[in-house]
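One letter stands for each residue in the lines below.
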Amino acid sequence: MHMEHLRCVVERITYQSDAHVGSVLSLEGTWKVDSKYGRQLQVEKWEETLPATVYGIEKYLGSGLIKGFGSKFAKRIVQK
């Protein structure tokens with residue numbers, strides 16, 4: 001199997017584990033097809049990294065991880 005390397009921003013969480021919405025993750029794994037849920041990345045290694053894009057910074061700041069920062073305030077900060 002071919003190992004894939006992905007970098008992503010968490011948009012939505014279906015089942016809570018370790019990551020939070022707005023987290024930027026570096027993932028390593030292989031693709032599989034689940035009979036119920038379809039194509040999925042079976043993650044073997046992951047680490048949380050700092051956001052590297054304007055979109056990622058906005059999601060990270062507005063995720064609720066930082067007290068006092070909401071999505072509207074994060075958007076204003078990123079626009080500046």
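Notes on the structure in this doc start here. (Residues numbered from 1 in each chain as written. Predicted model: local features only at pLDDT ≥ 70, side-chain atom pairs only at ≥ 80, totals over all residues. Heavy atoms only, no water.)

1. Topic: the overall build of the protein
Here is step 1: Assigned secondary structure in the protein consists of 2 helices and 3 strands.
Here is step 2: Secondary structure elements in the protein, listed N-terminal to C-terminal, are β-β-β-α-α.
Here is step 3: A globule of 80 residues ought to have a C-alpha radius of gyration of about 12 Å, yet the protein, at 15 Å, is considerably larger.
Here is step 4: The dimensions of the protein, computed from C-alpha atoms along their principal axes, are 45 × 25 × 20 Å.
Here is step 5: Within the protein, residue pairs in contact and separated by at least 24 positions form 32% of the contacts whose partners lie at least 6 positions apart.
Here is step 6: Total accessible area on the protein stands at roughly 6,300 Å², and carbon and sulfur atoms take up 53% of it.
Here is step 7: Taking the average place of the 12 positive charges on the side chains of the protein and the average place of its 9 negative ones, the gap between the two points comes to 12 Å. (Helix = DSSP H or I, 4+ residues; strand = E, 2+ residues; numbered from the N terminus. Rg over C-alpha atoms; globule rule 2.2 N^0.38 Å. Contact = heavy atoms within 4.5 Å. Areas by Shrake-Rupley, 256 points an atom, 1.4 Å probe, with all protein chains shown as cover. Lys, Arg positive; Asp, Glu negative; His and termini not counted. Charge placed at Lys NZ, Arg CZ, Asp CG, Glu CD.)

2. Side note on the pattern of salt bridges
Here is step 1: In the structure shown here, the tally under the stated rule is 2 salt bridges.
Here is step 2: Glu 58 serves as the salt-bridge partner of Lys 75, at 3.9 Å between the closest nitrogen and oxygen. Remark: Glu 58 occurs in helix α1 (residues 54-61) and Lys 75 occurs in helix α2 (residues 71-79); sequence separation between them is 17 residues. (Salt bridge = Lys/Arg side-chain N within 4 Å of Asp/Glu carboxyl O.)

3. Remarks on the pairing of strand β2 (residues 24-34)
On a regular strand, each side chain points to the face opposite its neighbour's, so the side chains alternate between the two faces of the sheet.
Here is step 1: The pairing of strand β1 (residues 4-9) with β2 spans 6 bridges and is antiparallel. Note that in β2 the partner of Leu 6 across the bridge is Leu 27.
Here is step 2: Pairing between β2 and strand β3 (residues 38-49): 11 bridges, direction antiparallel. For Lys 32, the partnering residue across the bridge sits in β3 and is Gln 40.
Here is step 3: Between β2 and β3, which pair antiparallel and follow one another directly, the connecting turn spans 3 residues. (Pairing = 2+ DSSP bridges.)

4. Looking at the packing of aromatic side chains
Here is step 1: Applying the stated criterion across every chain, the model contains 1 aromatic pair.
Here is step 2: Measuring from centroid to centroid gives 5.0 Å for Phe 69 and Phe 73, while their planes differ by 50°, and the two rings are tilted.
Here is step 3: Stacked on the ring of Trp 31, the Lys or Arg Arg 39 has its end atom at 3.9 Å from the ring centre. (Phe/Tyr/Trp six-rings, centres within 6.5 Å; stacked < 30°, edge-to-face > 60°. Lys NZ or Arg CZ within 6 Å of the ring centre and 35° of its normal.)

5. So, the nonpolar core
Here is step 1: Counting 5 residues, the largest nonpolar core is built from Val 10, Ala 19, Leu 25, Leu 27 and Leu 41.
Here is step 2: If we ignore the near neighbours within four places in the chain, the residues touching Val 10 are Ala 19, His 20, Val 21, Gly 22, Ser 23 and Leu 25. (Core = buried A, V, L, I, M, F, W, Y, C linked by side-chain atoms within 4.5 Å. Buried < 20%, exposed > 50% of the residue type's maximum accessible area, 1.4 Å probe, protein only.)

6. Observations concerning the side chain of Ser 23
Here is step 1: If you trace the backbone, Ser 23 turns up in the loop between β1 and β2.
Here is step 2: A relative accessible area of 0% means that Ser 23 is categorised as buried.
Here is step 3: At 3.3 Å, the side chain of Ser 23 and the side chain of Glu 48 are in polar contact.
Here is step 4: Excluding its chain neighbours within four sequence positions, the residues that come into contact with Ser 23 are Cys 8, Val 9, Val 10 and Glu 48. (Polar contact = N/O pair within 3.5 Å; in protein donor to acceptor, adjacent residues only side chain to side chain.)

7. A word on the side chain of Thr 30
Here is step 1: If you trace the backbone, Thr 30 turns up in strand β2.
Here is step 2: If sequence neighbours within four positions are ignored, Thr 30 has contacts with Met 1, His 2, Met 3, Gln 40, Leu 41, Gln 42 and Glu 44.

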